[in-house]
Amino acid sequence: MTPTLGHYLAVSGLLFIIGLAGVILRRNIIIIFMCLELMLNAANLSLVAFSRFNVNVAGLPNYNGQVLVFFVITVAAAEVAVGLAIIVALFRAKQTIHVEDLNSLKF
Amino acid sequence: MISVPPFALEICVVCVGIFLLMMDCFTKVDKLSLGWAAISGLLAIIVLSFLTGPMPKSLIIPQDFYVVDQPALFFKRFILLSTILTICLAMDYAPVYERFIPSGGPQAGLGEFLILPIFTCAGLMWMVSAADFIMIFVSLELVTISFYVLVASMRKNTGSLEAGVKYLILGALSTGFIVYGITWIFGVTGQTALREIRLALPLLSQGYLVAVLFGLGLVLVSLGFKVAAVPFQFWVPDVYQGAPTPITAFLSVASKAAGFVVLLRVLEPFFVISSIEAKLLIVLTVLAALTLIYGNLAAMPQTNLKRLLGYSSIAHAGYLLIGVASFRGGPSGPIIGFYLAGYLLMTFLAFLVLQHVARASGSDEISDFNGLGRRSPVLALGMLVSMLSLAGLPFTVGFLGKFFIFEAAMRSHQYLLVAIGAVTVSSGFYYYLKVVRAMYWQAAPDDAPAIAVAPFSKFLIAFLCIGIIVFGIFPQPLLAMLQ
Amino acid sequence: MSAATVPWIILFAPLVSATLILFFGKYSRKLSAGLAIGAALLSSALSWWLFFQPGEVGPNQVFWINIPDIFTVPIGMTVDPLSRTMLVVVNTIAPLVFIYSIGYMAHEEGYWRYFAGLALFLFSMLGIVLADNFVMMFIFWELVGVSSYILIGHYYGKASAADACKQAFIVNRIGDFGFMLGILMLWFATGSVVFGEIFAKVPLLETQGLYFTIACILVFCGTVGKSAQLPLHVWLPNSMEGPTPVSSLLHAATMVAAGVYMLARVFPLLIAAPIARDVIAWVGALTCLAAGLMATQQNDIKRILAYSTISQLGYMVLGAGVAPVPDVPMFHLFTHAFFKCLLFLCAGSVIVALHHEQDIWHMGGLSRKTPVTFACLIVGTLALAGCPGFSGYFSKDLIIAWAVVEKPFLGWIAVATAGLTAFYMFRLLSVVFLGTPRSDHAEHARESPAVMVIPLILLAIPAFGAGYGPVEKMFFHVEEPEHVPELLHYVLLAMFVVAGGLALFLYRNPAKDPVVIPLFANRLYIDDAYNWLVKNVQDALAMLSGWVDRWIVDLFVVQIPARFTWACGYILRFLQLGNIQAYAFFFGAGVVGLIYLLLA
Amino acid sequence: MSPLLCLIVLPVAGAALIIAGTQARTTAVTASALNFLASLIIFGTCKPDQGYQFVSSYPVVPSLGIHFTLGADGLSVAILLMSTAVTLAAVCVTRTPPKNGNWFYASLLFISAGAIGAFASVDTFFFYMFHELALIPTFLLIGIWGSGDRQAAAWKVTTYLAFGSFVLLVGLIGLYLSLPASDRTFDMRRIAELASSGTAQPGTVVYVLLIVGFGILVSLFPFHTWAPQAYASAPAPAAMLHAGVLKKFGLYGIFRLVMPVFPPDISAPLNTLLLILVLGNILYVGFVTISQRKLDLMLGYASVMHMGYLFLGILSWKTLGLAGAALMLVAHGLSIAALFALSGELRERTGTLDFAELGGLAKAMPTFGLLFGFAAMASVGLPGFANFAAELMIFFGAFSAGTPSKLGFNEFQVATVVAVWGVVISAIFMLRGYRRIFMGPIGDKWKALPDIAPLPRLCVAGLIVLLVVTGFFPQIVLNYVTPALTWP
Amino acid sequence: MQLALFWVFALLMLVFGAAVVFLRSPVSSALSLVVSLVFMAALFVTLDAFFIGVVQVLVYAGAVMVLFLFIIMLLDLRVERPRRLNIGAWTGGGLVVFGFVGLLGKVLSSELGFDMEKPPVSTQISDASAVGLMLFRYFNLPFQIIGVLLLVATVGVVVLSKKELK
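Predicted model, so just to flag it, every value in this text is computed and none were measured.

J.: Got a sec to walk through the overall build of chain D? Specific residues and values, please.
T.: On a plain count of helices and strands, chain D comes out with 22 helices and 2 strands. The C-alpha radius of gyration computed for chain D amounts to 21 Å, which stays within 12% of the reference 23 Å derived for 488 residues, consistent with globular compactness. Taking the principal axes of the C-alpha coordinates as reference, chain D spans close to 70 × 60 × 40 Å. By residue count, 72% of the 488 residues in chain D fall in the buried class. If you take every contact in chain D between residues at least 6 apart in sequence, the share linking residues at least 24 apart comes to 80%. Carbon together with sulfur atoms contributes 69% to the accessible area of chain D, which is approximately 13200 Å² in total.

Right under this line is the structure:
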């Protein structure tokens with residue numbers, strides 16, 4: 001009795017949604033950023049699941065998925081670096097990282 | 001007749017970028033000369049792009065995820081050109097830029113500001129010939145991340161930072177969506193290469209098609225984010241307003257163009273399934289309609305020209321989406337290519353003039369243009385031409401673009417979109433002519449500062465104006481490149 | 001010079017002179033007068049010459065509009081007895097009036113304008129006379145209207161004159177409206193506008209009874225407007241605002257006569273449309289009665305004559321309605337032309353003598369001051385009043401006779417009007433010339449210069465004799481209807497004597513009008529009715545539609561759409577809250593919505 | 001270089017030179033004078049009965065069948081002559097404005113170039129493009145140098161015409177797409193051929209789109225409200241060009257692209273509706289005109305009203321009515337131009353066009369009054385002027401239109417009856433205006449007004465002479481236009 | 001057995017994921033993120049993706065988290081300032097979330113294929129080598145692009161956070 005593909009997809013989907021909810025609900029930019037990471041990882045989970053459950057004739061999982069996961073992780077890391085740099089610059093300039101304080105550009 | 005392999009172009013671009021970074025880092029050359037070097041290098045690459053031969057049959061870069069067809073080459077040149085123009089604007093923008101940089105010396109940070117667009121350019125060029133979701137994702141991210149940096153790079157200007165953060169959060173969000181979408185498409189088809197997907201799709205059972213649609217929807221979302229389609233356009237006005245002007249121009253032209261190319265590439269394989277095709281027709285029509293209405297109508301009350309141009313870029317995304325949505329009348333690639341080419345000319349012209357006026361007056365309000373017709377006829381003429389072209393007046397390339405778009409729309413019976421177009425075009429006249437009114441009707445304020453225009457800028461303005469008008473009368477050369 | 005080219009010269013000589021005057025006239029008064037009179041004399045001479053040319057002068061046409069076998073409008077000259085006679089009449093009177101004008105206008109400004117107007121007027125009238133098709137006639141019809149506009153409005157500085165000429169033009173246009181429609185209907189039915197071709201198709205037309213009748217009545221509308229029949233007569237009395245020679249020309253020979261001439265011209269059609277003829281007869285009879293009544297209470301010497309003109313025109317139209325041949329009304333037109341012109345010129349010389357005083361109650365006792373004028377006026381009066389032996393007697397009684405025979409009721413109306421005519425003419429005579437002067441102008445009045453008196457004398461002759469057999473035979477051939485009731489002539493004679501005597505008795509040197517009948521004095525309130533209509537219907541309607549256009553049409557076609565679009569934009573932009581969370585929310589909502597669309 | 005091309009290039013080059021900074025007025029006058037001469041020569045050398053001449057074609061977008069094709073037949077040649085004449089007059093009567101006058105002249109020349117280009121194009125696409133060329137100059141002219149509520153007027157006319165011409169564009173594309181895919185083209189001649197041969201069957205929708213699009217440009221009721229306001233606030237030369245020349249674009253387009261293309265079974269069902277609109281133009285707008293209290297607005301509405309006659313002639317769908325409409329097109333262009341020129345002069349002198357303040361001016365300015373009288377009488381449709389011949393033919397054409405050979409009244413004949421009444425209406429408002437301004441006692445402040453200056457006098461007189469000549473010999477024009485308006 | 005493990009890991013992952021969203025202090029959010037990601041790594045392992053699992057732990061727990069915590073400390077962010085419950089945001093968020101859940105449910109329920117058990121795989125080659133081969137053979141170009149991307153990121157970070165650019 002092993003977990004099915006559906007289990008993994010559901011779980012990762014839920015995680016994705018949690019991340020999305022976080023992005024919509026939190027007002028602290030850093031935490032919003034964490035939630036984005038959460039979303040990316042959720043995607044990774046289903047990727048790996050798909051690649052594992054999609055076995056080719058040689059009996060090997062479809063490694064394209066895992067390669068993509070690898071890229072996603074790298075990109076995510078780079079994104080975090082740049083993003084945090086921006087956030088730090090913002091904090092230096094405005095002493096805040098709350099979204100309400102970022103509304104000079106509107107309408 | 002020498003011939004270089006197509007993928008050499010990007011490599012050359014990257015090499016130019018790295019070389020210049022080194023120069024910037026290890027030598028004390030004048031930063032502006034770096035800019036000139038970049039321009040000349042990219043020009044050389046444009047020349048090179050006319051010498052490309054066919055793809056070599058090598059294992060290194062399989063056809064599956066790197067295609068070089070005529071449109072791709074066209075858009076590579078397009079992107080190179082827009083990068084060159086961006087760098088020209090950036091060099092012209094340097095004085096303003098330096099004011100907002102925590103500087104330890106003259107021309108601080110200018111080097112990076114001039115060089116980073118080159119890498120963005122490389123990313124965009126990869127994007128336009130990407131034919132594999134992994135490839136698309138990676139090059140897209142390269143572009144996005146470099147734009148994060150460029151947008152936010154004026155660190156002493158809170159506007160720039162705010163724009164950076166907004167772009168960062170929403171961009172990352174859309175990244176999340178595209179990854180998740182790719183996941184689903186890959187998961188169901190087991191493929192990441194579009195060609196393979198095309199082959200795999202017809203074999204799928206009905207239930208899996210739902211998943212495919214789910215994934216495709218998510219991908220559409222983040223591409224919609226790139227091309228500023230409603231309701232994923234929210235970043236556009238703010239970021240355009242906040243970002244350094246050259247970067248705004250770069251965003252609104254190059255990134256949007258690449259986005260559309262990818263959009264067309266990604267959609268193409270899914271049209272083979274009739275059910276999906278029908279669904280896509282609906283979705284694209286809705287997107288186009290919303291984008292048209294929102295972009296044009298919300299632009300009408302604007303008073304800040306940079307923001308107005310943001311909305312207008314949404315509006316033009318709407319017209320381009322009409323082109324995408326009318327795929328049933330035949331391939332819409334050339335039409336969109338032509339429209340984008342025209343859009344490049346007029347947008348850069350507009351931002352070039354805006355940049356001069358803004359530097360003199362210190363803000364981007366439309367009222368700063370009051371009496372420009374007498375203060376600086378050259379700039380006024382340039383702005384006039386670009387505004388008329390944006391509004392789609394005949395004998396400008398903008399009109400032909402719109403004409404082709406609506407011809408295609410009628411051809412594929414998109415009457416709803418045409419009807420909406422009737423309203424939006426006329427409101428477009430309203431808000432573009434607001435600028436013309438400011439320039440020619442209003443009298444200049446007495447303390448209106450004089451505006452200095454460098455000869456090179458004059459040359460650029462003339463070049464762009466001529467381009468707009470010539471291609472507005474003889475579009476054939478462009479169309480030939482796109483066929 | 002062949003008979004074929006003569007009509008063209010006759011027609012265009014005045015136009016040429018008018019054009020020359022327009023360009024050079026302002027430099028010399030003599031030149032303008034000379035040009036106009038020269039042209040008039042030339043065409044006069046040619047007309048007489050043409051009159052004695054034997055036989056028909058062949059159709060000589062050029063095409064004005066020619067879209068082959070779709071629509072052709074020729075400009076052609078008809079030279080038949082009718083037009084010949086009319087030419088003679090017009091071209092005999094016109095030169096006299098022109099010459100008379102030299103004296104009358106001697107001290108007026110706008111000399112060249114005046115003479116250019118006269119020449120143009122003559123041109124238009126001759127055009128009507130010579131026209132051989134409806135469109136050509138309509139063209140000159142309108143030109144008569146505009147030249148009368150110019151002449152009546154000669155003193156345009158005076159508000160009353162300005163209004164009068166405007167009114168004259170517009171009222172004529174209303175008549176032309178009907179005329180045009182009539183032409184359209186006839187053309188639609190026959191496919192031609194040329195008189196000859198239409199007359200040839202009369203049998204076909206008769207099959208279309210109603211349509212044809214309507215067409216004829218509409219054509220008659222032209223007459224109603226141009227020769228001032230009820231209910232479009234209002235412009236004529238007001239046209240007295242113009243210089244007196246103009247009035248005489250207008251009333252005697254040119255403008256008003258045009259209507260009657262047109263009826264005579266299209267007589268073959270009328271013959272075929274009995275109902276239309278009834279209408280014509282009724283309109284004529286009523287007009288002559290109403291005008292006669294109004295004339296009895298007017299105080300302006302020219303207005304009295306004006307109403308008498310309307311009344312006489314009523315006779316002619318009645319004649320056209322009852323007589324079997326067009327010559328009957330034409331005969332009266334012929335005689336009337338002379339004595340009415342004479343009367344006006346007399347009035348003119350009186351007015352000049354009194355320094356442009358026109359109210360008869362400021363005159364009196366002029367018989368000794370201006371004997372010649374007085375004598376001529378008597379001749380004119382007797383002729384107009386139908387005194388046996390004078391020209392008016394023959395022609396008018398002829399019409400009355402036909403009316404009594406054909407339509408007894410209308411006939412007796414005409415008889416009654418004859419009495420009225422005598423009454424108001426003798427009223428005029430005695431108030432102006434007899435008794436004692438009522439103003440110092442009248443005290444020091446003096447006979448007019450020779451240039452004005454000579455035309456009077458010249459005109460007095462035909463005014464007396466134009467009705468006698470030989471003259472009649474020379475121009476017309478008319479015959480009395482059979483079995484006229486014997487007593488008709490005695491009744492008419494009695495009418496003349498009684499009414500004339502009554503007038504002389506009542507008006508033997510009173511200080512003011514002993515008889516006051518407001519209804520007639522106020523011209524049966526018809527003018528007031530028109531003013532009311534224009535003010536409360538036309539202008540009110542105009543105001544209303546102006547308001548509607550400004551506030552309704554513009555609102556719905558332009559304002560509301562524009563404002564609505566702008567407002568939508570104004571609201572939409574507020575979606576751009578500037579708050580990242582809001583953006584994220586919209587983004588997510590967009591995603592959900594889009595995918596629902598895809599999966600639905 | 002084809003003569004027609006030089007007709008277009010001359011004004012454009014003139015405008016370019018002016019912007020480049022040559023002496024504005026002289027350049028403009030020379031350019032338009034040369035243009036007038038050129039069009040005279042073309043008028044002389046054109047053979048009306050031989051279809052399109054001076055044809056020259058350059059491919060632009062072969063794949064879509066777009067060629068830059070110039071050509072002119074009798075109709076367009078006549079209209080071209082009118083256009084250049086009006087342009088010359090407009091440029092001559094212009095009073096160089098104090099601030100950047102060079103833009104003023106350049107805009108005038110651009111409008112003229114646009115109109116000329118449209119009339120000289122055989123290719124529908126460029127026909128459209130050239131017309132649009134005039135949009136922005138109008139915007140600038142009204143907005144910068146206009147009078148009264150100029151800004152509102154400029155916005156209104158620009159956005160509204162932009163909307164209208166977009167509708168038109170959609171209609172044209174629809175027409176284009178209704179051609180068989182094998183030979184889709186924008187060439188008017190070919191379109192007409194294909195339509196008459198029945199291979200192309202554009203539907204009612206296209207018909208409606210075209211009629212509405214052209215109708216908006218021609219200020220067909222109820223799309224007319226942009227016109228009076230715009231003409232009232234526009235500077236006189238702009239009003240002359242726009243009302244006299246540019247507005248005729250719509251009618252010309254109907255001659256070219258609606259008449260030959262749509263068979264009666266498509267057009268007929270809508271006739272009644274269109275006739276009602278036309279009567280709206282003639283009767284309703286006529287009454288609106290009567291209610292006006294200012295000369296400029298009155299003229300604006302009058303020009304709208306006369307468009308009704310043109311449309312009536314066109315709707316008659318018969319050569320007679322069409323030829324009448326074509327003649328009217330020329331005549332109205334000349335007469336309204338003269339009127340606007342004079343009203344502009346008047347505004348320059350008195351500073352007001354309000355009837356209440358003016359009066360008796362003919363005393364002070366006899367020649368002015370005389371010329372205005374001529375122009376007014378012309379537009380009232382007095383015999384001797386071309387307008388009369390035109391109206392006459394239109395009435396005859398319309399009266400005989402519709403279901404033929406039946407003496408009972410069909411809708412066309414009813415419409416004609418009402419339209420003929422319009423003649424009375426136009427007499428009423430024109431004479432009223434004339435009486436208010438030039439007749440009656442003169443106010444003291446006007447006593448010293450100088451009479452009209454030689455140059456404007458010459459221009460207006462020239463226009464009037466043209467009107468009179470064509471009025472006496474309408475056949476001159478008809479010989480040119482009729483062949484172009486007869487179809488099998 | 002496997003199923004039980006899966007549920008344990010999955011639930012913990014979700015719980016800590018939720019904790020990221022719902023905990024008020026940034027530090028605790030960051031920590032719970034780490035934990036959640038570690039459990040995800042565990043799930044990777046249950047999917048025989050050892051290499052990816054390891055990378056996951058290294059990159060996230062190792063690099064990214066440190067970065068996050070470092071920044072949080074640097075800016076010494078206190079507890080998020082006490083918020084008055086933003087009804088709009090919560091209802092909106094709720095709507096979006098439930099909508100998305102609904103969509104996901106629809107997709108998962110639309111196809112039986114998702115209920116398949118794990119197919120057996122031949123384990124003679126390790127997934128690390130397999131992924132590596134793919135990376136360097138087949139996905140070489142994207143790999144290069146990632147290199148450029150990292151270069152850009154580095155330059156960008158310098159541009160954005162260096163105290164005084166020269």
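J.: Describe in detail the interface of chain A and chain E, supporting the description with residues and values.
T.: In this assembly, 75 residues from chain A lie in contact with 81 residues from chain E. Roughly 7100 Å² is buried in total at the junction of chain A and chain E, and carbon and sulfur atoms are behind 78% of that figure. On the chain A side of the contact with chain E, A:Leu25, A:Met34 and A:Arg52 bury the most area, a combined 10% of that side's loss. Viewed at the interface, chain E and chain A are joined by 1 salt bridge. The shortest N-O distance in the salt bridge between A:Arg52 and E:Asp48 comes to 2.6 Å. At the boundary of chain A with chain E, the tally comes to 14 residue pairs in polar contact (both at pLDDT 80 or more). Looking at the side of chain A that touches chain E, the elements that each hand over two or more residues are helix H1 (5–25), helix H2 (29–53) and helix H3 (63–94) of chain A. Element by element, the count of residues in the side of chain A that touches chain E is highest for H3(A), at 24 residues.

J.: Can you break down the environment of C:Leu122 residue by residue, with the values?
T.: All names here are of chain C. With respect to the helices and strands, the residue Leu122 is situated in helix H4 (residues 111–130). Given a relative accessible area of 2%, Leu122 falls into the buried group. Between the C-alpha atom of Leu122 and that of Thr254, which follows or precedes it by 132 residues, the distance is 7.4 Å. Filtering out sequence-adjacent residues up to four positions away, Leu122 remains in contact with Pro14, Ala40, Ser43, Val90, Asn91, Ala94 and Phe98.

J.: I'd like a description of the interface of chain E and chain B, backed by residues and values.
T.: With 30 residues of chain E at the contact, the number on the chain B side is 47 residues. Taken together, chain E and chain B are joined by 0 salt bridges. On inspection of chain E and its partner chain B, the count reaches 4 residue pairs in polar contact (both at pLDDT 80 or more). Mapped onto the side of chain E that touches chain B, the elements with two or more residues apiece are helix H4 (87–109), helix H5 (127–138) and helix H6 (140–161) of chain E. Considering every element that reaches the side of chain E that touches chain B, the biggest residue donor is H6(E), with 13 residues. Looking at the side of chain E that touches chain B residue by residue, the classes come out as 20 nonpolar, 4 polar and 6 charged.

J.: Help me get a handle on the side chain of A:Asn28, residues and values and all.
T.: As for its position among the elements, A:Asn28 is in the loop between H1 and H2. When its relative accessible area of 2% is taken as the criterion, A:Asn28 is described as buried.

J.: Kindly report on helix H16 (residues 327–353) of chain C, identifying the contributing residues and their values.
T.: Residue and element names in this part refer to chain C. The end-to-end C-alpha separation of H16 is 38 Å, in line with the 39 Å expected for 27 residues at 1.5 Å each. Within H16, the axis deviates most sharply at His336, by approximately 30°. Counting buried residues along H16, 26 of its 27 residues qualify, which places the element largely inside the surrounding structure. In the segment just after H16, His355 is the residue with positive phi, at about 55°.

J.: Can you break down the layout of surface pockets residue by residue, with the values?
T.: A volume near 1400 Å³ is recorded for the second largest pocket. As for the second largest pocket, its lining consists of 46 residues, and the residues nearest its centre are C:Asp554, C:Val558, C:Gln559, D:Lys156 and D:Gln229. Mapped onto the lining of the second largest pocket, the elements with two or more residues apiece are helix H17 (415–440) of chain B, helix H26 (526–572) of chain C together with helix H7 (150–177), helix H10 (226–233) and helix H15 (295–315) of chain D. The leading source of residues in the lining of the second largest pocket is H26(C), at 16 residues. Taken together, the residues of the lining of the second largest pocket sort by class into 21 nonpolar, 15 polar and 10 charged.

J.: Could you give an account of the pairing of strand E1 (residues 53–61) of chain D, with specific residues and numbers?
T.: Residues and elements named next belong to chain D. Two elements, E1 and strand E2 (residues 66–72), share 6 bridges in a ladder whose sense is antiparallel. Paired with Tyr58 across the two strands is Phe68, which belongs to E2. Joining the antiparallel neighbours E1 and E2 is a turn of 4 residues, in which Gly65 adopts a positive phi near 70°.

J.: Describe the packing of helix H18 (residues 366–380) of chain D against helix H20 (residues 411–438) of chain D, with residues and values.
T.: Residue and element names in this part refer to chain D. For the pair H18 and H20, the least separation of the axes is 9 Å and the interaxial angle reads 170°. Comparing the axis directions of H18 and H20 gives the class roughly antiparallel. Touching Phe368, Gly369, Leu370, Phe372, Gly373, Ala376, Met377, Ser379 and Val380 of H18 are Val423, Ser426, Ala427, Met430, Leu431, Tyr434 and Phe438, all from H20.

J.: Tell me about a nonpolar patch on the surface, and please be specific about residues and values.
T.: Residues and elements named next belong to chain C. On the surface, Trp547, Trp551, Ile552, Leu555, Phe556, Ile560 and Phe564 cluster together into a nonpolar patch covering about 740 Å² of accessible area. Note that Ile552 resides in helix H26. Its relative accessible area of 33% is what places Ile552 among the partly exposed residues.

J.: Provide a residue-level description of the nonpolar core, including the pertinent values.
T.: Counting residues in hydrophobic clusters, the biggest one holds 782 residues, and the most contacted among them are B:Phe177, B:Trp184, B:Phe214, B:Phe369, D:Phe396 and E:Phe100. Ranked by residue count, the leading element in this core is H3(A), at 21 residues. Judged by nonpolar contacts, the second largest core, of 8 residues, contains D:Val91, D:Tyr105, D:Ala106 and D:Leu109.

J.: Tell me what's going on with the environment of D:Phe43, and back it up with residues and numbers.
T.: Residue and element names in this part refer to chain D. The topology assignment puts Phe43 in helix H2 (residues 24–45). In sequence terms Phe43 and Glu357 are 314 residues apart; their C-alpha atoms lie 44 Å from each other. Those residues in contact with Phe43 that sit more than four places away from it in its chain are Val77, Ala78, Leu81, Ile476 and Tyr480.

J.: Help me get a handle on unusual backbone geometry, residues and values and all.
T.: Cis geometry is found at the peptide bond from B:Val230 to B:Pro231, where omega equals 0°. Along the chain, the position of B:Pro231 falls in the loop between helix H8 (206–227) and helix H9 (235–242). Omega for the bond connecting C:Leu230 with C:Pro231 falls within 30 degrees of zero, at -5°, which places this linkage in the cis form. The phi dihedral of D:Phe54 is positive, around 50°, even though this residue is not glycine. Relative to the assigned elements, D:Phe54 resides in strand E1. The backbone of D:Ser219 sits at a positive phi, close to 55°, despite the residue not being glycine. The residue D:Ser219 is located in the loop between helix H9 (204–217) and H10 in this model.

J.: Which residues make up the pattern of salt bridges, and what are the values?
T.: Applying the stated criterion to the full structure yields 29 salt bridges over all chains. When the shortest N-O distance is used, the salt bridge between B:Arg359 and B:Asp92 registers 3.1 Å. Separated by 267 residues along the polypeptide, B:Arg359 in helix H13 (residues 333–361) and B:Asp92 in helix H3 (residues 70–99) bring together distant segments of the chain. For B:Arg359, a relative accessible area of 32% puts it in the partly exposed group. Assessed through its relative accessible area of 15%, B:Asp92 is described here as buried. As a salt-bridge pair, C:Asp278 and C:Lys407 come within 3.3 Å of each other at their nearest N and O atoms. Of the two residues, C:Asp278 is situated in helix H14 (residues 274–295) and C:Lys407 in the loop between helix H19 (391–406) and helix H20 (408–433); the sequence distance between them amounts to 129 residues. One continuous salt-bridge network, built from bridges that share partners, spans B:Glu162, B:Lys166, B:Asp238 and B:Arg307.

Cut-off values and rules
Residues numbered from 1 in each chain as written. Chains lettered and ligands numbered in written order. Predicted model: local features only at pLDDT ≥ 70, side-chain atom pairs only at ≥ 80, totals over all residues. Heavy atoms only, no water. Helix = DSSP H or I, 4+ residues; strand = E, 2+ residues; numbered from the N terminus. Rg over C-alpha atoms; globule rule 2.2 N^0.38 Å. Buried < 20%, exposed > 50% of the residue type's maximum accessible area, 1.4 Å probe, protein only. Contact = heavy atoms within 4.5 Å. Areas by Shrake-Rupley, 256 points an atom, 1.4 Å probe, with all protein chains shown as cover. Buried area = accessible area lost by both parts, 1.4 Å probe. Salt bridge = Lys/Arg side-chain N within 4 Å of Asp/Glu carboxyl O. Polar contact = N/O pair within 3.5 Å; in protein donor to acceptor, adjacent residues only side chain to side chain. Nonpolar A, V, L, I, M, F, W, Y, C, P; charged D, E, K, R; others polar. Expected span 1.5 Å × (residues − 1). Bend = angle between axes of the 7 residues up to and from the residue. 1 Å grid on protein atoms, 1.4 Å probe; cavity = no way out; pocket = protein on both sides within 12 Å on 5 of 7 lines; lining within 4 Å. Points joined across faces, edges and corners; volume = space filled by probe spheres on them. Pairing = 2+ DSSP bridges. Axes fitted to C-alpha atoms, helices over the stretch in contact; angles between N-to-C directions. Parallel < 35°, antiparallel > 145°, perpendicular 65-115°, else oblique. Patch = residues over 30% accessible without salt bridge, like charges linked within 9 Å, V, L, I, M, F, W, Y side chains within 5 Å. Core = buried A, V, L, I, M, F, W, Y, C linked by side-chain atoms within 4.5 Å.

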